[in-house]
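Descriptive structure summary
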There are 2 protein chains.
Amino acid sequence: MNDYIAPLRDMRFVLRHLAPLAEVMALPGQADLHADVADAILEEANKFASEVLSPLNVVGDREGAHWLDGQVHTATGWRQAYTQFSEGGWNALSCPSAHGGQGLPRLLSALVEEMWNGANLSFALCGMLTRGAIEALELCGSPQQKAIYLPKMISGEWTGTMNLTEPQAGSDLAAVRARALPQPDGSYRVFGQKIFITYGDHDLTDNIVHLVLARMPGAPEGVKGISLFVVPKFLVNADGSLGARNEVRCVSIEHKLGIHGSPTAVLSFGDEQGATGWLVGEAHHGLAYMFIMMNAARFSVGIEGIGLCERAYQRALAYARDRVQGTEAGASSRDKVAIIRHPDVRRMLLQMKSRTEALRAVACVVALAMDEAQSHPDEACRLQRQAFVELMIPVVKGWSTETAVQVTSLGVQVHGGMGFIEETGAAQHWRDARITPIYEGTTGIQAADLIGRKVARDEGATVRRVIDDMRGVVQALNEGDDPELSAIASSLAQGVAALDVAVQYIVDQYSKDVREALAGAVPFLALFGIVAGGWQMARAALAARQALDRDQCTNGEAAADLPFMQSKLHTARFYADHVMPEVSGLLHGVTRGAQAVLALSDELF
Amino acid sequence: MNDYIAPLRDMRFVLRHLAPLAEVMALPGQADLHADVADAILEEANKFASEVLSPLNVVGDREGAHWLDGQVHTATGWRQAYTQFSEGGWNALSCPSAHGGQGLPRLLSALVEEMWNGANLSFALCGMLTRGAIEALELCGSPQQKAIYLPKMISGEWTGTMNLTEPQAGSDLAAVRARALPQPDGSYRVFGQKIFITYGDHDLTDNIVHLVLARMPGAPEGVKGISLFVVPKFLVNADGSLGARNEVRCVSIEHKLGIHGSPTAVLSFGDEQGATGWLVGEAHHGLAYMFIMMNAARFSVGIEGIGLCERAYQRALAYARDRVQGTEAGASSRDKVAIIRHPDVRRMLLQMKSRTEALRAVACVVALAMDEAQSHPDEACRLQRQAFVELMIPVVKGWSTETAVQVTSLGVQVHGGMGFIEETGAAQHWRDARITPIYEGTTGIQAADLIGRKVARDEGATVRRVIDDMRGVVQALNEGDDPELSAIASSLAQGVAALDVAVQYIVDQYSKDVREALAGAVPFLALFGIVAGGWQMARAALAARQALDRDQCTNGEAAADLPFMQSKLHTARFYADHVMPEVSGLLHGVTRGAQAVLALSDELF
């Protein structure tokens, strides 16, 4: 089972009931977006993901990318697939339409992104980084820079990179040392070494546009002295043709645990005269610009987690249906059965399924809010949606990726001994997943961002609006006297109560003793993620119940969907009974655990 | 940081306070065991583990074992190390003294095993499997078989394997198809293919003794028709010298996610005339004999988890002390600090440390019970201890290995981006750990064994005795009005109460609807493990508190240990605040989650 098929049924459910595409279609500037167009995009993306990208996933894992004499070569078939990808217009899908993009709403592009990631994470990373670089140039570049770079980056003819990390400066960008010396012609000479640069070199395109953080002479210390530069691999002539090779060199690529198909480069800028670069935006504002890119990238990494979960689930489910082993417990027949009949295998599959659906629903709700934050006619609504987006980005990033490690691990476990054999394929998803809670800011960094900038800074105002929405869902679940919905309501109510207490603790403690708040930051993020997932699964259960009831009354046209609705209801119930109860332990860690984290002196570890 | 150092301080603490070596020394037949001898063994084992085995760990991972023309070659240096290992008498350490072993009590050999596993799991596996085969021959072999095989296997001159799994028969041994045809001379011709055979072929020794499950003609269907055969790679002449090559062939070895240094073989028995084998014990009793070996092996796999946790912790701690990154939250100084100063890194390290210490303590308490079950003068005590051992083996196996996956994952996370780079070494532990919840029975199999044979069968009698012991510890903690101990008591009390409820549910449900009980089996095992760990960490806290108090009164001689005692107290408190609270979520999954697991029909997944 090596094929990836996009979960179109669940995606359509989300677009109909949880993050309604209709709301995006009603936004200004979306007159051209029709439901059938959106659906056709999803269908076509699924085809490309399953037919072109998915078969290359294992090729990338086995062959990896190779460094030879300063040049990186991608795995067999990758260049071809990339050309198809660009020529099909897929790279341009979510890019700004001013420079040749198709300006697809975030809600739809998030689902398409999930497909690329599910089919082939290592491949998808190239476009993900390029889109980040496009966004930075679009927002901060000069008209000339936009004209030179954007059309070719949007078409996919050139790719982009983000150059932040240096050996001494991982999460701590204040420690960046790369230098940029101004030249009389307005350009800069850039010097320094950058590490962990995804697709920092490759053979997919003729040029690569590096965005690089560096310091100018006399710049302030710390993060306030960092500027952003654009440094292309090949200089670009006035007519747009490629000129001289710039002084940026790929020194090596890393030997990694996963995402073998995606080259992670060490780049050396300016070994002799300096690499030629140009300032992007204003001097010393580099960090703020990078943060714009990083927020987008963090959300995208969250989507990576969802794609991996879905892929791992599909593979485990196919194996569990196929593998015959043992007899059914409690059954009179001694016939051998497929392992999906074993209760513990079902439990594992439902853990995978329910968490994956919860992640997807939350990410889509946030994506819809991104679209509204950008173009809702009402400014107050835009601001409120933007606050919600900023609150949720570290949750989507941290929770989706940590969950991806868990879910892909269960995917290995469902396979038993076969899961440990690389040829089976389940292990690759687990290895690939392991980078996602690390890059673009570790879970610890996400959690610190969440409790500091997103919760404590506005004293919990934004998160409390979310909590109110959640309580509304509890109420709606309790309205119909349906025992299934009531059980889900009671579970969600407990989760929401825990979140409420945790928020109060964080708000109080952050100003009193920030270290105590930070000691519980990751458990807080995990708790928030689980409750947010439960909130959306509860909304899903409500929608499913209504669809089922409608059908009983009218024998309606959605009959084909009814088994899916039944499945959704059960999956939401599983989440309520097996996932949501984790919050009580997490709450304890948040509100009572700080002392134990901080008390031990360093030398006693 | 590539070195492994055995955690001797904690091991000594356990041997003094939690699983007292003195109790083993008081057993009949242990007159020769002195405390200083025991300590010298631990010191010497640490030397061998850290100096010889630990440096080869990464070599085994990178080179792997190689199959060439039917012969497996181990990685550079492994054969030499193996010879040193055998010649040093390490293989014989825990083997029966009747045939040349040193008959070390299980309590001590468990700690030595932890060292081998922590230093180099792939290497340790060879001896572990050999000891299992020794045990089976010791218990069930004929005097002649014992004479031929045991001395050379105990000395390490020959190794042993366990051949259970076939492609269609993984966890389900009833499906075994290998055949054994009786010959006039009393031998058998064995035919069949076995997979996943650890060290099924290698170049470490001149001979390999395979123990093989197969069916005789006319044997009953299912597990009651399986017999055990000994099938050496080379036949053994009457004078003990090696004779003809037997018809067992290594067809290939697996390409695995981890434990690359340990060859996992596909063995083909009897491609032409049949491999020559001899029946071990009685016909059709093979499964029972294998279970004896498997119980020992399951406990050993639990120890593997502990060794991996310790190794991952040591590596992460060294990195966290060394890596300077960012400033300290809430501090006025803007100086960069080692990342161990960041609260979330401390939290991760304490998760690793507290769980590892809890696992070790529980495993040692079980090992002590094994020694008592074997040679306590009082039969009632022996039986009670044996029941305790049998109850705890699936817990030690399942919980230690699942925890190892978690703890080694945290070890990767502490390293940030460096953790994903293979050269760092953290990733290897995580990859290696992933097999441990799978082989020798997956966690699902352990959990089914636990709730069925170990809890439901005696209607909870054995587990309730353990619960009583736990309650005694709660009481002891509450006696002194110490706020730290009271906090730990309250956490333990909640855990014990949850375990009690869960046991009642399992006992009731197992007879009523076994599928409902099985749906919660793994959460039950996880709950049991966490509570058992908390029980032992609470005992550790009591002992540490007493040591600290004693010192305040007497300024006693244990002054050097006091910082360690302080650390133990804090670590137990962390466990109480961050690990134990997980039980409430697990309990919900056990007692309320079955419906959600079973309700969804197969096709709706």
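Chains are numbered independently. Their residues run from 1 in the order of the written sequence. Key to labels: chains lettered from A, ligands numbered from 1, both in the order written. Local features in this predicted model are restricted to residues whose pLDDT is 70 or higher, and side-chain atom pairs enter the listing and the counts only when it is 80 or higher, whereas totals over whole chains, interfaces and linings include all residues.

**Here we look at the overall build of chain A**
As a reminder of what qualifies: A run of H or I in DSSP becomes a helix once it reaches four residues, and a run of E becomes a strand once it reaches two; helices and strands are each numbered from the N terminus. C-alpha atoms define the radius of gyration, and 2.2 Å times the number of residues to the power 0.38 defines the globule rule. We call a residue exposed when 12 or fewer other C-beta atoms sit within 10 Å of its C-beta, buried when the count reaches 20 or more, and partly exposed for counts in between; the C-beta positions come from the backbone.
For chain A, the helix and strand inventory stands at 18 helices and 14 strands. Relative to the compact-globule value of 25 Å for 605 residues, chain A shows a C-alpha radius of gyration of 25 Å, a close match. Once the C-alpha set of chain A is aligned to its principal axes, its extents read approximately 80 × 60 × 55 Å. Among the 605 residues that make up chain A, the fraction classed as buried is 61%.

**A short note on the packing of helix α7 (residues 286-322) of chain B against helix α9 (residues 379-414) of chain B**
All names here are of chain B. Which entries qualify depends on this criterion: Lines fitted to C-alpha atoms define the axes, with helix axes restricted to the stretch in contact, and inter-axis angles between N-to-C directions lie between 0 and 180 degrees. By definition in this entry, angles of less than 35 degrees are roughly parallel, angles greater than 145 are roughly antiparallel, angles of 65 to 115 are roughly perpendicular, and the rest are oblique. Crossings are classed by handedness, with left-handed meaning an anticlockwise turn of the near helix from the far one by less than a right angle and right-handed meaning a clockwise turn. Amino acids outside the nonpolar list (Ala, Val, Leu, Ile, Met, Phe, Trp, Tyr, Cys, Pro) and the charged list (Asp, Glu, Lys, Arg) are all regarded as polar, and Gly is one of them.
As a packed pair, α7 and α9 sit with axes 8 Å apart at the nearest point and diverge in direction by 20 degrees. Here α7 is positioned roughly parallel relative to α9, judged by the angle of their axes. When the axes of α7 and α9 are compared, the crossing they make is left-handed. Among the residues making up the contact of α7 with α9, the classes are represented as 16 nonpolar, eight polar and three charged.

**Here's the deal with the relation of the copies chain A and chain B**
Filter applied, for reference: In superposing the copies, a least-squares fit is computed on C-alpha atoms, taking residues whose pLDDT is at least 70 in both.
Of the transformation superimposing chain A on chain B, the axial component is 0.0 Å and the angular component is 180 degrees, with the fit at an RMSD of 0.0 Å. Considering both components of the superposition, the chain copies are consistent with a two-fold axis.

**What about the domain arrangement of chain A?**
Residue and element names in this part refer to chain A. Stated precisely, the cut-off is as follows: As used throughout, domain bounds are those supplied by an automatic or database domain assignment. Once C-beta atoms have been placed from the backbone, residue pairs whose C-beta atoms lie within 7 Å are recorded as contacts.
One can read the domain layout of chain A as domain 1 (8-140), domain 2 (159-285) and domain 3 (442-600). The centre of domain 1, based on its C-alpha atoms, is set 29 Å off from the matching centre of domain 3. At the interface, four residues of domain 1 touch six residues of domain 3. Its residues assigned to classes, the side of domain 1 that touches domain 3 shows two nonpolar, one polar and one charged.

**Things to note about the environment of G258 of chain A**
Residues and elements named next belong to chain A. Residue placement: G258 occurs in the loop between β10 (248-253) and β11 (264-269). A residue is classified by how many C-beta atoms lie within 10 Å of it, and G258, with 24 of them, is buried. Those residues in contact with G258, other than ones at most four positions away along the chain, are R431, D432, R434 and I435.

**A short note on the interface of chain A and chain B**
Counting residues at the interface gives 72 residues for chain A, matched by 73 residues for chain B. The dominant element in the side of chain A that touches chain B, judged by the number of residues it contributes, is helix α16 (residues 562-579) of chain A, at eight residues. For the side of chain A that touches chain B, the class distribution of residues is 33 nonpolar, 22 polar and 17 charged.

**Considerations on the pairing of strand β12 (residues 275-280) of chain B**
Consecutive side chains along a regular strand alternate between the two faces of the sheet. Residue and element names in this part refer to chain B. Spelled out, the test is: By this definition, two strands are paired if DSSP reports at least two bridges between them.
Of all six residues that make up β12, six are buried, and the element is covered over most of its length. Relative to β12, strand β5 (residues 188-198) runs antiparallel, the two being bridged by three bridges. The partner of R189 across the bridge, within β12, is T276. Relative to β12, strand β7 (residues 226-232) runs antiparallel, the two sharing three bridges. Residue pairing across strands places V230 opposite W278, the latter belonging to β12.

**Remarks on the environment of Y188 of chain B**
All names here are of chain B. Tracing the backbone through its elements, the reader meets Y188 in strand β5. For Y188 and V230, which are 42 residues apart along the polypeptide, the C-alpha to C-alpha distance reads 9.7 Å. Setting aside residues up to four positions removed in sequence, Y188 forms contacts with A180, L181, P182, Q183, F229, G277, W278 and L279.

**Structural notes on the environment of Q102 of chain B**
Inspection of the secondary structure puts Q102 of chain B in the loop between α4 (78-87) and α5 (106-140). C-alpha separation for the pair Q102 of chain B and R131 of chain B, spaced 29 residues apart in sequence, amounts to 13 Å.

**Observations regarding the packing of helix α8 (residues 343-375) of chain B against α9 of chain B**
Helix packing geometry: the angle between the two helix axes and the distance between the axes. All names here are of chain B. Where α8 meets α9, the closest approach of the two axes is 8 Å, and the angle between their N-to-C directions is 160 degrees. The angle between α8 and α9 falls in the class roughly antiparallel. Taken as a pair, α8 and α9 cross one another with a handedness that is left-handed.

**Concerning the nonpolar core**
Just so we agree on the cut-off: Each nonpolar core consists of buried Ala, Val, Leu, Ile, Met, Phe, Trp, Tyr and Cys residues. Their C-beta atoms, within 7 Å, join them into a set.
The biggest cluster of nonpolar side chains holds 429 residues, and the ones touching the most others in it are F229, L492 and L527 of chain A together with F229, L492 and L527 of chain B. Among all residues touching L492 of chain A, those that are not within four sequence positions of it are M470, V473, V474, G534, W535, A538, A576 and M580 of chain A.

**A closer look at unusual backbone geometry**
All names here are of chain B. The residue Y199 is not glycine, and still its phi comes out positive at about 50 degrees. Inspection of the secondary structure assignment puts Y199 in the loop between β5 and β6 (207-215). For Y199, a count of 26 C-beta atoms within 10 Å translates into the label buried. The backbone of D481 shows a phi angle near 60 degrees, a positive value even though the residue is not glycine. Relative to the elements of secondary structure, D481 occurs in the loop between α12 (461-479) and α13 (483-512).

**With respect to the confidence of the model for chain A**
The condition that has to hold: On a range of 0 to 100, pLDDT expresses the predictor's confidence in each residue.
When pLDDT is averaged along chain A, the result is 95, and 98% of the positions lie at 70 or above. Interface confidence in the predicted complex, given as ipTM, is 0.97; pTM for the same model is 0.97.

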